[in-house]
Amino acid sequence: MWLLLMLVLALILLYRWYRQIRLLENLTDKYVFVTGCDTGFGNLLAKQLDKRGMRVLAACLTETGSEKLKNETSSRLQTTILDIANTQSVSSAALWVEENVRNKGLWGLVNNAGIGLPTAPNSWLRREDFVKVLNVNLLGMIDVTLCLLPLIRRARGRIINMSSVMGRLAFVGGGYSISRFGVEAFSDSLRRELQPFGVKVSIIEPSSFKTPATDIKTTLQSLNDVWKQAPLWAKDSYGQQYFQDYCRFIEYRLSKCDPHINQVTDSIEHALTAVHPWTRYSVGWITKLYFMPVSYLPTFISDYLLAHPLKTPSRLCSSQDCN
């Protein structure tokens with residue numbers, strides 16, 4: 001009996017391995033549009049796909065980032081300036097993509113551009129702090145996708161959306177996790193909607209990797225700015241000691257970020273080039289062995305595991321304090 005079960009499991013794993021290694025042919029004819037190529041994942045991915053011979057259309061936020069990327073890649077790679085939080089900028093970029101791909105359509109759209117700050121306990125933040133992140137990470141991504149959808153359907157191509165393990169577990173406040181939960185929902189509904197048209201949608205769920213978005217100095221400066229403008233009742237309730245402990249906690253977490261960001265770009269490349277891409281790519285061993293299992297645990301256990309490193313605020317806020 002046990003031998004039979006082991007044989008069945010081995011066959012399943014072999015089948016999954018075989019599906020995973022099968023790659024598409026004629027990749028040099030395929031156009032891929034990648035957002036957020038100034039630095040980090042997008043920058044490395046653009047270079048990686050360019051080396052594979054694919055026709056990369058790279059969107060950068062700044063002229064400096066655009067020029068630097070062009071100097072480091074082949075003449076096949078083309079760049080444009082894009083602020084995905086600006087609808088007019090998105091529309092202009094979509095027209096530029098259409099002029100480049102013409103009748104071939106767009107094989108791949110990689111929605112990589114995103115921001116993480118400000119991140120802090122929700123009580124310290126203002127409405128505009130949430131809007132700033134959501135406009136980029138969620139609404140901007142949706143805007144880009146909808147504008148390019150006709151070109152993707154024409155090519156029966158791929159959409160790869162950058163999410164995060166924090167799209168499953170919200171263990172810090174601010175708009176980042178909210179935006180990533182939104183990316184998950186949008187991607188799920190879009191995948192089911194586009195399946196009859198031959199378009200595949202994949203979600204990338206990395207844990208913390210070392211990029212400019214996880215820079216310790218920048219993050220701590222953002223926390224200080226948030227604390228300065230936090231409501232007085234929140235400052236009184238949490239206390240200066242809690243703020244300092246929270247900063248040390250965030251600094252420690254960021255110091256453990258994985259420097260091997262190619263794990264993320266390799267997953268995106270597989271989603272673009274595999275005959276049978278995965279629906280979700282959970283990237284990083286800490287994601288697979290810790291965060292993913294924790295996301296399925298009962299809430300009281302996951303709450304303890306994610307919140308216990310932080311100390312209790314100096315004085316719990318009463319209803320009168322919060323008025």
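Read on for a plain summary of the structure. From a predicted model like this one, the values you see are computed outputs, not experimental measurements.

1. Looking at the overall build of the protein chain
Each helix and strand in the protein chain was counted, giving 11 helices and seven strands. The C-alpha radius of gyration computed for the protein chain amounts to 21 Å, which stays within 12% of the reference 20 Å derived for 323 residues, consistent with globular compactness. In terms of overall dimensions, the protein chain has C-alpha extents of about 65 × 65 × 35 Å along its principal axes. Within the protein chain, the fraction of its 323 residues that count as buried is 49%. Counted over contacts in the protein chain with a minimum sequence separation of 6, partners at least 24 positions apart contribute 72%. Of the roughly 16900 Å² of accessible surface on the protein chain, 57% is carried by carbon and sulfur atoms. Averaging the locations of the 36 positively and 27 negatively charged side chains of the protein chain gives two centres separated by 6 Å.

2. Description of unusual backbone geometry
In this chain, Leu-117 is followed by Pro-118 through a cis amide linkage whose omega measures 5 degrees. Positionally, Pro-118 belongs in the loop between β4 (108–111) and α5 (127–155). Even without glycine at this site, Arg-102 takes up a positive phi of about 50 degrees. One can find Arg-102 in the loop between α4 (87–101) and β4. Even without a glycine there, the phi angle at Arg-156 is positive, about 50 degrees. Among the secondary structure elements, Arg-156 is positioned in the loop between α5 and β5 (158–162).

3. Brief notes about the pairing of strand β6 (residues 200–206)
With respect to burial, β6 is a largely interior element, six of its seven residues being buried. Here β5 runs beside β6; their pairing, made up of five bridges, is parallel. Looking across to β6, one finds that Ile-159 is bridged to Val-201. Once the chain exits β5 it traverses helix α6 (residues 175–194) before rejoining the sheet at β6, and the crossover so formed is right-handed. In this structure, β6 lies alongside strand β7 (residues 280–283), joined through four bridges in parallel fashion. Counterpart to Ile-203 in the pairing with β7 is Arg-280.

4. Some remarks on the packing of aromatic side chains
Taken as a whole and assessed by the stated rule, the structure comprises 12 aromatic pairs. The interplanar angle of 10 degrees and the centroid separation of 4.9 Å between the aromatic rings of Trp-227 and Phe-243 together place this pair among those described as stacked. With Trp-227 in helix α7 (residues 216–229) and Phe-243 in helix α8 (residues 232–255), this residue pair connects regions lying 16 residues apart in the sequence. Each of the two residues, Trp-227 as well as Phe-243, counts as buried. Note on Tyr-290 and Phe-291: the rings are 5.1 Å apart at their centroids and 70 degrees apart in plane angle, and the pair reads as edge-to-face. Look at Tyr-290 and you get partly exposed, because its relative accessible area is 31%. Of the aromatic side chains, those joined through ring pairs into one cluster are Trp-124, Trp-227, Tyr-238, Tyr-242, Phe-243, Tyr-246 and Phe-249.

5. Some details on the nonpolar core
Grouped together as the largest cluster of nonpolar side chains are 30 residues, with contacts concentrated most on Phe-33, Val-97, Leu-106, Leu-109, Leu-148 and Ile-159. At the level of secondary structure, the elements contributing two or more residues to this core comprise β1 (31–34), β2 (55–60), α4, α5 and α6. The element that contributes the greatest number of residues to this core is α5, accounting for eight residues. Counting 28 residues, the second-largest nonpolar core is a separate cluster that includes Phe-130, Tyr-238, Phe-243 and Leu-254.

6. Details of the sheet that holds β6
Taken in spatial order, the seven strands make up an open sheet running β3-β2-β1-β4-β5-β6-β7, and their pairing is parallel. Lying at the two open borders of the sheet, with one neighbouring strand each, are β3 (78–81) and β7. With strand direction ignored, the average angle separating the axes of adjacent strands in the sheet is 15 degrees. Set on the sheet, α4 makes contact with β1, β2 and β3; between it and β3 the angle comes to about 160 degrees.

7. A word on a nonpolar patch on the surface
On the surface, Leu-4, Leu-7, Val-8, Leu-11, Ile-12 and Leu-14 cluster together into a nonpolar patch covering about 560 Å² of accessible area. Within the element layout of this structure, Val-8 appears in helix α1 (residues 2–21). Relative accessible area serves as the criterion here: at 39%, Val-8 is assigned to the partly exposed category.

8. Looking at the side chain of Ser-187
Examined against the element boundaries, Ser-187 turns out to sit in helix α6. Engagement of the side chain of Ser-187 in a polar contact is seen with the backbone oxygen of Val-183, the distance being 2.7 Å. With residues up to four places along the chain from it excluded, the contact list for Ser-187 reads Asn-161, Val-201 and Ile-203.

9. A look at the packing of helix α10 (residues 285–295) against helix α11 (residues 299–307)
Interaxial distance between α10 and α11 falls to 9 Å at its minimum, and their mutual angle equals 140 degrees. When the interaxial angle is binned, α10 and α11 end up oblique. Here α10 contributes Tyr-290, Phe-291 and Val-294 to the contact with α11, which in turn contributes Ser-302, Leu-305 and Leu-306. Here the residues of the contact of α10 with α11 sort into five nonpolar, one polar and no charged.

Criteria and cut-off values
- Residues numbered from 1 in each chain as written.
- Predicted model: local features only at pLDDT ≥ 70, side-chain atom pairs only at ≥ 80, totals over all residues.
- Heavy atoms only, no water.
- Helix = DSSP H or I, 4+ residues; strand = E, 2+ residues; numbered from the N terminus.
- Rg over C-alpha atoms; globule rule 2.2 N^0.38 Å.
- Buried < 20%, exposed > 50% of the residue type's maximum accessible area, 1.4 Å probe, protein only.
- Contact = heavy atoms within 4.5 Å.
- Areas by Shrake-Rupley, 256 points an atom, 1.4 Å probe, with all protein chains shown as cover.
- Lys, Arg positive; Asp, Glu negative; His and termini not counted.
- Charge placed at Lys NZ, Arg CZ, Asp CG, Glu CD.
- Pairing = 2+ DSSP bridges.
- Right-handed = clockwise from strand over helix to strand, strands pointing away.
- Phe/Tyr/Trp six-rings, centres within 6.5 Å; stacked < 30°, edge-to-face > 60°.
- Core = buried A, V, L, I, M, F, W, Y, C linked by side-chain atoms within 4.5 Å.
- Axes fitted to C-alpha atoms, helices over the stretch in contact; angles between N-to-C directions.
- Patch = residues over 30% accessible without salt bridge, like charges linked within 9 Å, V, L, I, M, F, W, Y side chains within 5 Å.
- Salt bridge = Lys/Arg side-chain N within 4 Å of Asp/Glu carboxyl O.
- Polar contact = N/O pair within 3.5 Å; in protein donor to acceptor, adjacent residues only side chain to side chain.
- Parallel < 35°, antiparallel > 145°, perpendicular 65-115°, else oblique.
- Nonpolar A, V, L, I, M, F, W, Y, C, P; charged D, E, K, R; others polar.

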